[in-house]
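Understanding the architecture of this molecule
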Amino acid sequence: MSRNLIFVAIFTLILVIYGLMNYYIGLRGWQAVGRTLPWLNVRVYWTLLWLAAHLYIIARFLRNMVPLAAERWLVYVGAYWLAAFYYLFLIVLLLDLLRLLDRWLKFIPGPVKASPALLGWGVIALVAGLLAYGTWNAHNPVVTHYDININKRAGQMKELHIVMASDLHLGLIMNNRRLERFVSMARELNPDMVLLPGDIVDESVRPFIEEKMAKTFRKLNPPLGIYAVPGNHEHFGEDSNETFRYLNEAGIQVLVDRYVKVNDSFYIVGRDDTGHGRKSRKALAEVLKDVDRSLPLIMLDHNPSRPSLQEAAEQGIDLQLSGHTHKGQFIFNNLITGRIYERDWGYLRKGPYQLIVSNGFGTWGPPIRIGNRPEIVDIVIRFSPTKT
């Protein structure tokens, strides 16, 4: 079976499962509150629900075929439904499990059983409150600070101040206004260098171009430059090379399995993202074959996968900066990312190897964060070789 057929089969299966889950939510919703709205026809109810459930997918198919404002509206509505769907499904499923247990344990009070509409509206209010809080939270990033020591000399440099931000996901939802917020916060920190470990652009570079985000990026202008690596979303786009070209025009040097020596003092190493059917990236040993390993090695690698961490430690990387995980973005998803990754957020040290994983500045899909804060990572590195 060809790769395309496998993809179509998997995509179809996902759509079927997603459709069944939406039907389950819709059925329970109509049973609980539908009859309390006499003006709402059942056909209109199901039409609106199915439209909301598929708007995000519809927007992806209409990309570049409709005006940017229309595409943004479709994406916003569809994205908010995805967030509502996630929590509605979990809550409704939990309530049904409790009802099932109540058949034997008889613990649900009679008035609750007699008022399904009250319970239904309570669930809707709870989910609406979660979405409202998550929207506010996603728009109010924090600065997370780390003091790092690397036991190497870095030329004449004793200290390096870095601002790192992963997962900006610039596009229809993370627009130029949100980018201006990032640039303003980064400028206030006055770093020597800005590092962006992937998912800077959310697939299509069209909003980046039309909103003139390159002009906003150029306001950063740190003395030692801006460096970035691709994430999976740059490779999801129509043409990743075109995305890299626009990032370069914005003053961002994109490192794809290569390194640069900065100020004759240390190296910034950039890894390509891997997976999603693309050919494997270069081995790190090959990327580093000509570096002077007596100097500090700071590496950007979007995905902090366990093999990536092991390879980096074995090859003498001093500090790895990663993102990708969003720490689940929604609470409960962090239970999954915490199992997949050795570190899905924060700091890890293994001997001389150190890792910082950011949960990201932006959002993917719904412009909502629940259970974590969007962040800019402020890092001060002190170079202090151990005396022998």
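In this text the structure is predicted, and so the values were computed from the model without any measurement.

This brings us to the UniProt feature "transmembrane region" (unreviewed entry) in the protein chain. In the numbering used here, UniProt assigns the "transmembrane region" (unreviewed entry) feature to residues 5-25, 45-62, 74-98 and 118-136. What you have in residues 118-136 is 100% helix and 0% strand, and the ends, taken at the C-alpha atoms, are 27 Å apart.

Turning our eyes to something else, we now look at the pattern of salt bridges. Counted under the stated rule, the structure contains 16 salt bridges. Between aspartate 318 and lysine 152 there is a salt bridge, with its nearest N and O atoms 2.9 Å apart. Linking aspartate 318 in the loop between helix H12 (306-314) and strand S9 (319-322) with lysine 152 in the loop between strand S1 (142-150) and strand S2 (159-164), this pair joins segments that are 166 residues apart in sequence. By the burial criterion, aspartate 318 is buried, and lysine 152 matches it. In this structure, a network of salt bridges that share partners links the residues Arg28, Asp96 and Arg99.

This part is about the side chain of arginine 178. Along the chain, the position of arginine 178 falls in helix H6 (residues 176-189). No salt bridge is formed by the buried arginine 178; its nearest oppositely charged neighbour, glutamate 180, is found at 10 Å. Polar contacts involving the side chain of arginine 178 include one to the side chain of histidine 139, which spans 3.2 Å. Setting aside residues up to four positions removed in sequence, arginine 178 forms contacts with Ala138, His139, Ile173 and Phe361.

Turning our attention to the packing of helix H2 (residues 42-61) against helix H3 (residues 68-105). Two elements in contact, H2 and H3, have axes separated by 7 Å at closest approach and are oriented at 125°. One finds that H2 runs oblique with respect to H3. Here H2 and H3 pass one another in a crossing that is left-handed. Residues Leu49, Ala52, Ala53, Leu55, Tyr56 and Ala59 of H2 lie in contact with H3, whose contacting residues are Glu71, Leu74, Val75, Val77, Gly78, Ala79, Trp81 and Leu82. When grouped by side-chain class, the residues that make up the contact of H2 with H3 number 12 nonpolar, one polar and one charged.

Now for the domain arrangement of the protein chain. Each assigned domain of the protein chain is listed with its residue range as follows: domain 1 (3-137) and domain 2 (143-383). Its C-alpha centre places domain 1 at a distance of 34 Å from the equivalent point of domain 2. Tallying the contact residues gives 26 residues for domain 1 and 26 residues for domain 2. Each partner contributes to the roughly 2200 Å² buried at the junction of domain 1 and domain 2, and carbon and sulfur atoms together form 56% of this total. Of all residues in domain 1, Leu68, Tyr87 and Asn137 give up the largest surface area on contact with domain 2, accounting jointly for 26% of the area buried on that side. Where domain 1 packs against domain 2, one counts three salt bridges. Across the pair arginine 60 and glutamate 203 runs a salt bridge, and its minimum N-O distance is 2.4 Å. Residue contributions to the side of domain 1 that touches domain 2 peak at 12 residues, all from H3.

For the rest of this paragraph, the subject is the environment of proline 296. With respect to the helices and strands, the residue proline 296 is situated in the loop between helix H11 (284-287) and strand S8 (297-300). For proline 296, a relative accessible area of 0% corresponds to the buried category. Each C-alpha atom, one on proline 296 and one on leucine 220, is 24 Å from the other, the two residues being 76 residues apart in sequence.

Procedures and definitions
- Residues numbered from 1 in each chain as written.
- Predicted model: local features only at pLDDT ≥ 70, side-chain atom pairs only at ≥ 80, totals over all residues.
- Heavy atoms only, no water.
- UniProt positions renumbered as here; feature names shortened; annotations may be inferred.
- Helix = DSSP H or I, 4+ residues; strand = E, 2+ residues; numbered from the N terminus.
- Salt bridge = Lys/Arg side-chain N within 4 Å of Asp/Glu carboxyl O.
- Buried < 20%, exposed > 50% of the residue type's maximum accessible area, 1.4 Å probe, protein only.
- Lys, Arg positive; Asp, Glu negative; His and termini not counted.
- Polar contact = N/O pair within 3.5 Å; in protein donor to acceptor, adjacent residues only side chain to side chain.
- Contact = heavy atoms within 4.5 Å.
- Axes fitted to C-alpha atoms, helices over the stretch in contact; angles between N-to-C directions.
- Parallel < 35°, antiparallel > 145°, perpendicular 65-115°, else oblique.
- Left-handed = near helix turned anticlockwise from the far one by under 90°.
- Nonpolar A, V, L, I, M, F, W, Y, C, P; charged D, E, K, R; others polar.
- Domains from an automatic or database assignment.
- Buried area = accessible area lost by both parts, 1.4 Å probe.

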